[in-house]
Amino acid sequence: MEKIGKVASENGVVIFSKSTCCLCYAVQILFRDLGVQAAVHEIDHDPDGKEIEKALMRLGCSGPVPAVYIGGKLMGSTNEVMSLHLSGSLLQLIRPYQQTNLSSHD
Amino acid sequence: MNSTTTHFVPSRRMGLYEPLHQMSMWGDFRLDSPPPPPLVLEVDANLDNQSEDTSRPTFGASQEASKPDDKVLRRLAQNREAARKSRLRKKAYVQQLENSKLRLIQLEQELDRARQQGMCVDASQLAYTGNTNPGITAFEAEYGHWVEEQNRQVSDLKNALHSEMGDMELQIFVEGGMRHYFELFAMKVTAARADVFYIMSGMWKTSAERFFLWIGGFRPSELLKVLSPHLDALTEQQRLDIVNLTQSCQQAEDALSQGMEKLQFILAQAIADGLLREGNYLPQIGAAMNKLEDLVRFVVQADHLRQETLQQISRILTIRQAASGLLALGEYLQRLRVLSSCWSSHPRDVCVSKI
């Protein structure tokens, strides 16, 4: 779906969310704690929300939210983000978008 | 002579009535009629004699003649009533005893079942097993088997590590151990869908395990911190990797915890919506039920984090180190269960005297 691609490319880290979804909020908090100002796109406040939801599900996001895009590419949902973080890969992916210099393991 | 009989007969009469009265109650359940007449008549005869005694005050011949009959009839009626009430009381008491007996048998069965499953039995667990949710009953049974298998694996691991076993064979034990935990996570997901509050409260765990509860299970970063110092021969790279893994784990946990807090608040708000207003609260209950779906997602996510942590640590460690780690984890959990059992059964006054 074009709109998803468009929104996803507007920012380094984009989280498709719903205002009532607490798991989406948890993912937001994680990125915030890693020094990333993620763009949160609430699909329940989007007029095309229903289509976005269907498209996300077709892309494999069973939630369908949260759906996380980094650098315009779909990373997945909470499971994928957690796995990436534990393996250390997430930090590498978000490095270009980190706003705070964290005392991380370089 | 007459004066003594005057005093004698009423008490004798009463004495005659009381034991008969009781006999009819406890001796023969089916006896619905009042005590047999003959004795009554005998007493009547005495009374009749009494009424003709000149020493007694007289009010009139006719009244004299009818008074004993009335008294006797009234007394008969009172006795019938008392007997009836007594039978009803006894029936209620017996019913109560039967119920208590059934409850006792039920409790003994639950106790046996719990002991067989190797679970530590403490009062709070027993109190809960009135659960009639089939999904949860099934989970509890499966968990009992899981613990038995866990204990077997722990002792197998111990023997394997002390033997001359090579890495290839040891790997089989490691993979088996990991898979066993993954099976538990799968069981928990199913159970969470059946009753998420049950999983969130850690009801299937022993009390000491519940003390460490975080979103329906262990906090993975805590386990990493507690167990990794016991691992031998870690290289510098391994140490660094474990530190990084622990930190990432903690960050993920903190994010989930904050999401949970938000969910708690939203749920509380949904339940409280419309308090003190007219109308029923069914819409609020419905709204809360919808939000509970989110809670299931959190439990699933937390278990996923536990699984990922296990997988990551197994990638960092050598096979032998991973086997030691699994053994350490298994023994640690066993100790927690023993702690629960000891705590719930130790006499409190012993504890006080030590202070």
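Source: prediction; values computed, not measured.

Student: So what about the overall build of chain A? Which residues, and what values?
Tutor: Looking only at helices and strands, chain A has 5 helices and 4 strands in total. Among the 106 residues that make up chain A, the fraction classed as buried is 47%. When contacts within chain A are restricted to residue pairs at least 6 apart in sequence, those whose partners lie at least 24 apart make up 63%. When the accessible surface of chain A is totalled, it reaches about 5,200 Å², and 46% of it is carbon and sulfur.

Student: Requested: an account of unusual backbone geometry, with residues and values cited.
Tutor: Each neighbour pair has its own omega, and for Gly63 of chain A with Pro64 of chain A the value is -5°, a cis peptide bond. As for its placement among the helices and strands, Pro64 of chain A is situated in the loop between α3 (49-58) and β3 (67-70). Although it is not a glycine, Ile215 of chain B sits at a positive phi angle of roughly 40°. For Ile215 of chain B, the location among the structural elements is in the loop between α8 (207-211) and α9 (220-227). A relative accessible area of 9% means that Ile215 of chain B is categorised as buried. A positive phi is found at Ala233 of chain B, a non-glycine position, where the angle reads about 50°. Here Ala233 of chain B lies in the loop between α9 and α10 (236-272). We classify Ala233 of chain B as exposed; its relative accessible area is 70%.

Student: So what about the pattern of salt bridges? Which residues, and what values?
Tutor: For the coordinates displayed, the defined rule picks out 14 salt bridges over all chains. Put simply, Glu149 of chain B and Arg152 of chain B hold a salt bridge, and the shortest N to O gap is 3.1 Å. You can see Glu149 of chain B and its partner Arg152 of chain B sitting in helix α5 (residues 134-162), 3 residues apart, about one turn around the helix. Taken together, the salt bridges that share partners define one network made up of Lys3, Asp46 and Asp48 of chain A.

Student: Run through the packing of aromatic side chains, naming residues and quoting values.
Tutor: Considering all chains together, one arrives at 9 aromatic pairs over all chains under this definition. Arranged with centres 6.2 Å apart and planes meeting at 20°, the rings of Phe139 of chain B and Tyr143 of chain B form a pair that is stacked. In this pair, Phe139 of chain B and Tyr143 of chain B are both assigned in helix α5, 4 residues apart and thus about one turn of the helix distant. Per residue, the accessibility class of Phe139 of chain B equals that of Tyr143 of chain B, and both read buried. Between Phe139 of chain B and Tyr198 of chain B, the aromatic rings sit 6.2 Å apart at their centres with planes inclined by 90°, giving edge-to-face as the arrangement. With a gap of 59 residues between them, Phe139 of chain B in helix α5 and Tyr198 of chain B in helix α7 (residues 196-200) connect regions that are remote in the sequence. In textbook terms, an aromatic cluster arises when at least three aromatic residues are bridged by ring pairs, as seen for Phe139, Tyr143, Trp146, Tyr181, Tyr198 and Trp204 of chain B. A cation over a ring is seen here: Lys262 of chain B above Tyr25 of chain A, with NZ or CZ 4.7 Å from the ring centre.

Cut-offs used in this document
- Residues numbered from 1 in each chain as written.
- Chains lettered and ligands numbered in written order.
- Predicted model: local features only at pLDDT ≥ 70, side-chain atom pairs only at ≥ 80, totals over all residues.
- Heavy atoms only, no water.
- Helix = DSSP H or I, 4+ residues; strand = E, 2+ residues; numbered from the N terminus.
- Buried < 20%, exposed > 50% of the residue type's maximum accessible area, 1.4 Å probe, protein only.
- Contact = heavy atoms within 4.5 Å.
- Areas by Shrake-Rupley, 256 points an atom, 1.4 Å probe, with all protein chains shown as cover.
- Salt bridge = Lys/Arg side-chain N within 4 Å of Asp/Glu carboxyl O.
- Phe/Tyr/Trp six-rings, centres within 6.5 Å; stacked < 30°, edge-to-face > 60°.
- Lys NZ or Arg CZ within 6 Å of the ring centre and 35° of its normal.

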